[in-house]
Structure formats: C-alpha cells, structure tokens
Amino acid sequence: MEIHIDQTRWWQRVYAAFIFFTRLPLWRWYQPPKNCYSTVVEHWPLVGWLTGSCMSATLYFGSMVMPWSVAVVLAILIRLLLTGALHEDGLADFCDGFGGGGNDRKRILAIMKDSHIGTYGILGLLFYFALFFACLFSLTPFQAAMAVLAGDAYSKMLAAQIIMFLPYARTEETAKNKTVYRKMSIKAGLILFIEGILPMIPLFYYFRFNSLLIFVPCIVMYFLYYMMNSKIRGYTGDCCGALFLLIELSFYLTIVVL
C-alpha cells in the first residue's frame, strides 16, 4: 500500500486557503505547491476571521457615521468584494441544479456546471440577500458585529464537514477549479474545530451560551447533507458555497429570534 506523506508546511496551506477563497492578490508574492489547494477547506474558518472582521468593523464603525441600513449594505458589499462572490455563485448554481434538475443526478450536475444563471438561482439569491439584510438590520450595530464575527467562521467550519460525509460528485478533471478536497485527518479536524469555535466565545458570553446557536445550524447542515446525498450522492464546490451561506443565514435567524 502506497502512503502519501504531506511535505507542505501549515503556513503554505493557510496561504493557499486565502488565495483560493478570496480575491486578494496574494499569488503575486508567493504561489504555494499545488497539493496545498486540496487542503484549503481545513483552514476555511481562518478566511472567515478576515471576512467576518471586515464586515464587523464596517457594521459597528459605519453605523456611527452613516444610516444603519447603508452600513449593512456596505458590509455585505465588502464581503462580496473580498470573496469575489465565490459562495454566492455557488448558491445560485445550487438552487438552479437542485431546483431544476429534479431527481436526475446527471442533469443536476450539468445544470450546476452551466455558467448561466436560471430562475431558481435568481430567486435563491434574492431571498438570501433579503433575509441576510433583514437579519442584520434588525439587530443593533454591536449585536450584528458580534454575530457576523462569530457566524462567518463557525458556519464555514460546519460547511467544511461535508467533505467527510460525502464523496466528491465529479472527477478532478471535470471540477470547475480542478481541485478535489482531501479527507481530513483527526489533527486537521481538530484544528478546523478550533478555528471555527474561537470567534464564538464572545457571542456565547453575550447570549449566556444559548444552545440553539449551536444546534440550529447543525440541523440545517444535516438537512442539506441529506438532500445532496439523495440527489447527487456527493458534493461539489458549489454545494460547499451554498452550504456555508445557508448555514450562516440560519445562524443569524436564530440570533434574531433570541
């Protein structure tokens, strides 16, 4: 049996995650080894530290100098610019594929790979952004800033679990980004958990550790896992992006209810 030993360093894998999940021109200064990109989901929450911090700062400090509604829109726009709408593109493709593909696995995968957006994708994005804005707008600037700082990383940590539960639905050659994520080791899973849970600690203190903040996103995660398993028997990169956004949205909806 052939044993593959990962010779890359942790900082190279983290660097690859920031190149992969953001539009920051980090690749101009250094390009990590290609196999680092198969591990990017293991450090996905760290990218959430960046995007969550930028959104939180915009929400909190922006509310001091502009109307609250404008600060919320600007915070959402900043994350879109940082990520290049990578996850939103995945959500649109996910809605098109699962909405218009019925139970035909090949048709669902073909629709998701099509670069054109359909009716289901447009409706999915409209309802997503409407709920996202409404959730943040209904909170105070301090509450919204804390929620985004915690929810971004935590939701990415939960979404990353899908690669452990399901196989990749395509082949590496037919993947949009030509990358197939590797299964995580126990050590990588523990690091992922720490990266996702640390930003939650201040929110736990503020909400007196309400268990719903943990379990509602997990329930949404399971429902989406069940849907992907029953319809395409696997996951794709678009599924990962949609998972993150929908889990994160359920997190904010839970805070609004609380």
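Residues numbered from 1 in each chain as written. Predicted model: local features only at pLDDT ≥ 70, side-chain atom pairs only at ≥ 80, totals over all residues. Heavy atoms only, no water.

## Focus on the packing of helix H3 (residues 68–83) against helix H6 (residues 119–138)
Moving on, step 1. Relative to each other, H3 and H6 sit at 130°, their axes nearing to 10 Å. When the axes of H3 and H6 are compared, the pair comes out oblique. As for the relative orientation of H3 and H6, their crossing is right-handed in sense. Together, Trp-68, Ser-69, Val-72, Val-73, Ile-76, Arg-79 and Leu-80 of H3 and Tyr-128, Phe-129, Phe-132, Phe-133, Leu-136 and Phe-137 of H6 make up the contact between the two elements.
Moving on, step 2. Along the lines of polarity and charge, the residues of the contact of H3 with H6 split into 11 nonpolar, 1 polar and 1 charged. (Axes fitted to C-alpha atoms, helices over the stretch in contact; angles between N-to-C directions. Helix = DSSP H or I, 4+ residues; strand = E, 2+ residues; numbered from the N terminus. Parallel < 35°, antiparallel > 145°, perpendicular 65-115°, else oblique. Left-handed = near helix turned anticlockwise from the far one by under 90°. Contact = heavy atoms within 4.5 Å. Nonpolar A, V, L, I, M, F, W, Y, C, P; charged D, E, K, R; others polar.)

## Concerning the nonpolar core
Moving on, step 1. Formed by 79 residues in total, the largest nonpolar core has its most connected members in Phe-98, Ile-162, Met-228, Tyr-235 and Phe-251.
Moving on, step 2. If sequence neighbours within four positions are ignored, Phe-98 has contacts with Ile-108, Met-112, Met-227, Met-228, Lys-231, Ile-232 and Cys-239. (Core = buried A, V, L, I, M, F, W, Y, C linked by side-chain atoms within 4.5 Å. Buried < 20%, exposed > 50% of the residue type's maximum accessible area, 1.4 Å probe, protein only.)

## A closer look at the environment of Lys-156
Moving on, step 1. Take Lys-156: it is sitting in helix H7 (residues 141–159).
Moving on, step 2. For the pair Lys-156 and Ser-53, spaced 103 residues apart in sequence, the C-alpha to C-alpha distance is 14 Å.
Moving on, step 3. Discounting residues that sit within four places of it in the chain, Lys-156 has contacts with Trp-44, Pro-45, Val-47, Gly-48, Thr-51, His-87 and Phe-244.
Moving on, step 4. For Lys-156, the side chain forms a polar contact with the side chain of Asp-152, separated by 2.9 Å. (Polar contact = N/O pair within 3.5 Å; in protein donor to acceptor, adjacent residues only side chain to side chain.)

## Details of the side chain of Thr-39
Moving on, step 1. With respect to the element layout, Thr-39 can be found in the loop between helix H1 (10–21) and helix H2 (44–62).
Moving on, step 2. What makes Thr-39 buried here is its relative accessible area of 1%.
Moving on, step 3. When neighbours within four sequence positions are excluded, Thr-39 is seen to be in contact with Arg-13 and Arg-182.

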